[in-house]
Each structure stands twice: as structure tokens, then as C-alpha cells.
Amino acid sequence: MNIDTDRLVTFIIMWGTPLVMMSWAYWKMSAEDKADVRSDFSSWRFISTIGFISAGTFLMHVASLLGIDIIKISGISLLVLGGIFNTFNQWKDSKKKSILVIALLSFVIFINL
């Protein structure tokens, strides 16, 4: 399991910077805003769309960093599930956006295979 230094630095910057910024913003919020954020992030709609897509992308980046294919497969499956759920949720609002989501996620999966 060789870890490439360039990939490690990119991984830390790409995932560490937003995590630190979101944590900082969360701690500066009022109690009411924190409760709203917790309820939004724990809703099934958020978890099934943004949560699955984010978790799948994270796992694919970990897999490319460590070179383990089974993690990549689980990341791709989460990304596919998130794409399907996101398409169903977007279909009610805008047909064009839902097709765009499927096209972009298909492109990302194609690149990572």
C-alpha cells in the first residue's frame, strides 16, 4: 500500500479545508441555527442525495489514495445510489436538472473506472 505524497496533499487540501471551514461556521452559529442544521442534515432526503454522493466521492478518493479497489467499488455504488435518489428528487422540480445530474455523475463514474 504505497501512498503517493502528491495525492495525499491534494486529499488533505480538498477534504480538510471545507471540513475546517464548515466546522468553524457551525460553532459560530446560534443554538437555533445549529438545531436547524442538525435537522436538515439528518433528514432522509439530504442523506439519500447529498450524503450518498459525498460519501461515494470521499470513498473513491480514499481508494485512489490507498490503491484499494474494494473501497472504490463501494464508493461508486454509493455514488450511483445518490445519483438515482437525486434524480428522483430533482425530477419533480426540473427535468433538465435531473438529466444533467445523471450525465455528470455518469461522467464521474466513467472517469474513475
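None of the values given here were measured: they were computed from a predicted structure.

Caption draft 1: View of helix H5 (residues 95-112). Compared with an ideal rise of 1.5 Å per residue, which puts 18 residues at 26 Å, H5 spans 26 Å between its outermost C-alpha atoms and is within 8% of the ideal. Looking only at H5, the buried set comprises Ser98, Val101, Leu105 and Ile109. One side of H5 holds all its buried residues, which, seen down the axis, span an arc of 60°. Projecting away from the buried face of H5 at angles above 90 degrees are the exposed residues Lys96, Ile99, Leu104, Phe107, Phe110 and Ile111. For H5, the secondary structure elements touched by its buried residues are helix H3 (44-66) and helix H4 (69-93). Where H5 begins, one side-chain oxygen reaches toward the backbone nitrogen of Lys97, 3.4 Å away; that side chain belongs to Ser94.

Caption draft 2: The UniProt feature "transmembrane region" (unreviewed entry) in the chain, seen in detail. Here, the residues flagged by UniProt with the feature "transmembrane region" (unreviewed entry) are residues 7-26 and 46-66. Each end of residues 7-26 is marked by a C-alpha atom, and these two atoms are 28 Å apart; helix forms 100% of the span and strand 0%. Annotated as 100% helix and 0% strand, the span residues 46-66 places its first and last C-alpha atoms 28 Å apart.

Caption draft 3: Main features of the packing of aromatic side chains. Summed over all chains, the structure comprises seven aromatic pairs. Between Trp15 and Phe58 the ring centres are 5.1 Å apart and the planes differ by 85°, which places this aromatic pair in the edge-to-face class. Within this pair, whereas Trp15 is found in helix H1 (residues 5-27), its partner Phe58 is found in helix H3, the two being separated by 43 residues in sequence. For Phe58, a relative accessible area of 32% puts it in the partly exposed group. Taking the centre distance of 6.3 Å and the plane angle of 90° together, the rings of Trp44 and Phe52 count as edge-to-face. Residue Trp44 is classed as exposed on the basis of its relative accessible area of 56%. Assessed through its relative accessible area of 18%, Phe52 is described here as buried.

Caption draft 4: Just the nonpolar core, in detail. Judged by nonpolar contacts, Ile53, Met60, Ile76, Leu79, Val101, Leu105 and Ile109 together constitute the single largest core of seven residues. Every element with two or more residues in this core is listed here: H3, H4 and H5. Ranked by the residues each element gives to this core, the list is headed by H5, at three residues. Apart from residues lying up to four places away in sequence, Ile53 is in contact with Leu78, Leu79, Gly82, Gly83, Asn86 and Leu105.

Each value, and the rule that gives it
Residues numbered from 1 in each chain as written. Predicted model: local features only at pLDDT ≥ 70, side-chain atom pairs only at ≥ 80, totals over all residues. Heavy atoms only, no water. Helix = DSSP H or I, 4+ residues; strand = E, 2+ residues; numbered from the N terminus. Expected span 1.5 Å × (residues − 1). Buried < 20%, exposed > 50% of the residue type's maximum accessible area, 1.4 Å probe, protein only. Arc of directions from axis to C-beta. Contact = heavy atoms within 4.5 Å. Polar contact = N/O pair within 3.5 Å; in protein donor to acceptor, adjacent residues only side chain to side chain. UniProt positions renumbered as here; feature names shortened; annotations may be inferred. Phe/Tyr/Trp six-rings, centres within 6.5 Å; stacked < 30°, edge-to-face > 60°. Core = buried A, V, L, I, M, F, W, Y, C linked by side-chain atoms within 4.5 Å.

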